[in-house]
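Single-letter residue listing:
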2 protein chains.
Amino acid sequence: MNQIPVAIIGLGPVGQLAAKLAVQRPNLRIAAAADIAPEYINRDLGEILGLPPMGVTVRPTIEEALKTAGEPGAAIVCTGSWLKRITPQIVACLDAGWNVVSTCEQLSYPFVSCPEESRLIDEKAKQKGVAVLGTGVNPGFAMDILPVFISGVCSRVNSVLIERFQDASFRRLPFQQKIGAGLDLADFEKKVGEMTIRHVGFSESVQLIAAAMGISLDRIEERVYPVMATRTLRSQFLEIAPGRVCGVDQICQGYLDESAVITLHLQAYFGHPDPKDRTFIDGEPPLDVTVKGGIPGDTATCAMAVNAVKRIVNAPAGLRTMLDAGVISSWLAR
Amino acid sequence: MNQIPVAIIGLGPVGQLAAKLAVQRPNLRIAAAADIAPEYINRDLGEILGLPPMGVTVRPTIEEALKTAGEPGAAIVCTGSWLKRITPQIVACLDAGWNVVSTCEQLSYPFVSCPEESRLIDEKAKQKGVAVLGTGVNPGFAMDILPVFISGVCSRVNSVLIERFQDASFRRLPFQQKIGAGLDLADFEKKVGEMTIRHVGFSESVQLIAAAMGISLDRIEERVYPVMATRTLRSQFLEIAPGRVCGVDQICQGYLDESAVITLHLQAYFGHPDPKDRTFIDGEPPLDVTVKGGIPGDTATCAMAVNAVKRIVNAPAGLRTMLDAGVISSWLAR
């Protein structure tokens, strides 16, 4: 089998997990890795992942990592949520002739929030004859392309409601901190104001759905509410007293003619009694689709990024989204 | 808006419903229609559909219908389940320079069951610079591309189980007859032997999933069992006495190394207590996805065909499948 060369850019939890998944794939071969952390630089990637040596040395810059990687393939960029910050990294990959799959939330549908970066990336990718895709589980799947895909069997859609409910007590500590778990209400509101408590990619998901369904929204509204512990709640990392925040309840809505036609409802808090992913399409026919227990966050994001590789290397050049990157599927392991 | 010209080929229940849906779409314009039924020939399509006159006259042949239709767009071909029989019709559309979307079950993944027709259609389509797609709800969605799409968030898949359970008492008469409703067991078995009781497209769905997940199956096994009425059952059309057949229980499995890695389970009988569409992926993570009540058959098939039009006119030339035709979505109606 002709293996696709893969570069892992960023070795945080998401990048490391993506690397581990890529190692398992017979059709992929990790050819390069980059991270700025001093403790990783110049070490073998396998060693960092807790695997046998791989003959891939972690480099401090993308340029250095890709320079010696041989034939270009796809770079999996897991370095941040905000597109403005990571655009130079994407461009560095493109300059070296590599396709890019990234878990950057804003890249999932960046045309509205980051029009300049979108244009720059699209032009550069076309110039180099490669493709770029932002994906993950959310944004990238559960609250955008999955509902869009399901709508394929509807003759018309009046409105879409998407719920993603998660019990945050089983997630890793950075996620628990990101949803404000353990804060008092004043600190929670302060962090919401600073936009450090916030799901990045919400409006991007709404925009992708609107684009898929052929409408131009009048406006998008996003709200973040605290969920308060009513008893002592515990995770592996935190203990939350009653009266303190145990997570978030977030709503993002897209409006058309003063009517909320697209509603995304995200709840992530300790002890959620009904974790699930659900899409309800009010249409012809109405469709009510539930993923029992919900799709786990980190694993699914990394799986999606790795599964996207074989699509992106054959996609038309330019900045793609989940709407025009084709159907991305997993592999059946023998 | 630039409207895509659409031709409706075949005015049975599916073709008529597809035509009605196409009429509602601002981005489509019905430009031609063909059917061999003497009672339809030379009449206005609108009249046949119970709508105002449309200025589209039904012609007895595809050649005649498309000759006067102007700029080519997409022909929606709803004339049969078996690809060998309808290949001349598809070729006639291609010869006139039209893309084709068809509800022909075997066309959903025709490469194994109809290799010669597949090659002929692919070559002709490429020669004419147009694309061909077989789609519908099943095959075409519920038991193939939907599970494949969902697997995108799995880092690996061990096996796939897909259930489609339907209460057949609410379907139209031809469907009820196709599942043997009302027969005695001997007649049921006879018709199974003659292959007149059988879901067409089962093995095609299994093959599409296998192709998406990168495996070559050793074999596919298909079985049809009767479901017997244990009390008197009624529909708008039939009354079924206890002891007679009230529907079918069908299983199709794809084997890899003596293990059934893909299982499709279709139940359609009067009074099914738990109608639904369900995909269970045994993988990492495991995923259990249910469409409450199930996706209705005819509406969804027609919706999918009509929704596919805007994809197929922009798809790469040749014979496509739901795997490489891109994500097909509905529209949000104002």
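Everything numeric here is computed off the predicted structure, so don't read it as measured data. (Residues numbered from 1 in each chain as written. Chains lettered and ligands numbered in written order. Predicted model: local features only at pLDDT ≥ 70, side-chain atom pairs only at ≥ 80, totals over all residues. Heavy atoms only, no water.)

What follows is about the packing of aromatic side chains. Here the distance between the centres and the angle between the planes together describe a pair of aromatic rings. On inspection of all chains with the given rule, the structure shows five aromatic pairs over all chains. Seen from their ring centres, A:Tyr109 and A:Phe111 are 4.9 Å apart, and the 85° between their planes marks the pair as edge-to-face. Taking 5.5 Å as the distance between ring centres and 25° as the angle between the ring planes, the aromatic pair formed by A:Phe149 and B:Phe141 counts as stacked. Placement of A:Phe149 in helix 6 (residues 145-150) and of B:Phe141 in the loop between strand 6 (131-134) and helix 6 (145-150) is noted, with the two residues assigned to different chains. Among the aromatic residues, those joined into a cluster by ring pairs are A:Phe141, A:Phe149, B:Phe141 and B:Phe149. Positioned above the aromatic ring of B:Phe175 is the side chain of B:Arg171, whose terminal nitrogen or guanidinium carbon lies 3.8 Å from the ring centre. (Phe/Tyr/Trp six-rings, centres within 6.5 Å; stacked < 30°, edge-to-face > 60°. Helix = DSSP H or I, 4+ residues; strand = E, 2+ residues; numbered from the N terminus. Lys NZ or Arg CZ within 6 Å of the ring centre and 35° of its normal.)

Residue and element names in this part refer to chain A. The domain boundaries assigned to chain A delineate domain 1 (4-136 + 299-320) and domain 2 (145-294). For domain 1 versus domain 2, the separation of C-alpha centres amounts to 27 Å. The interface is formed by ten residues belonging to domain 1 together with eight residues belonging to domain 2. Both faces considered, domain 1 and domain 2 share a buried interface measuring about 860 Å² in area, 66% of it formed by carbon and sulfur atoms. When the buried surface of domain 1 facing domain 2 is broken down by residue, Trp82, Glu105 and Tyr109 rank first, second and third, together holding 56% of it. (Domains from an automatic or database assignment. Contact = heavy atoms within 4.5 Å. Buried area = accessible area lost by both parts, 1.4 Å probe.)

Moving on to the relation of the copies chain B and chain A. For the pair of chain copies, the relating transformation is a rotation about an axis with a translation along it. Rotating chain B by 180° about the axis while translating it 0.0 Å along that axis superimposes it on chain A, leaving an RMSD of 0.0 Å. Both copies are brought into coincidence by an operation consistent with a two-fold rotation axis. When C-alpha positions in chain B are compared against the rotation axis, the closest is assigned to B:Gly326, at 2.2 Å. Most of the interface of chain B is mirrored in chain A, where 100% of its interface residues again form contacts. (Least-squares fit on C-alpha atoms with pLDDT ≥ 70 in both.)

With that settled, consider the sheet that holds strand 5 (residues 99-102) of chain B. Residues and elements named next belong to chain B. Spatially, seven strands are ordered 3-2-1-4-5-6-15 in an open sheet, and the strand pairing comes out parallel. Only two strands of the sheet have a single partner each, and these edge strands are strand 3 (58-59) and strand 15 (318-320). Looking at chain direction, strand 6 and strand 15 are connected through three bridges and run parallel. Bridge pairing links leucine 133 to arginine 320 in strand 15. Contacts from helix 5 (residues 115-128) reach strand 6 and strand 15 within the one sheet, and its direction differs from that of strand 15 by about 125°. (Pairing = 2+ DSSP bridges. Axes fitted to C-alpha atoms, helices over the stretch in contact; angles between N-to-C directions.)

Attention shifts here to unusual backbone geometry. Residues and elements named next belong to chain A. That bond from asparagine 138 to proline 139 is cis: its omega, 0°, falls within 30 degrees of zero. Among the structural elements, proline 139 can be located in the loop between strand 6 (131-134) and helix 6. The amide bond that connects glutamate 284 to the next residue, proline 285, takes the cis arrangement and shows omega of -5°. With phi around 60°, methionine 195 is a residue other than glycine that occupies positive phi space. Here methionine 195 shows up in the loop between helix 8 (185-193) and helix 9 (202-212). Even without being a glycine, aspartate 257 presents a positive backbone phi close to 50°.

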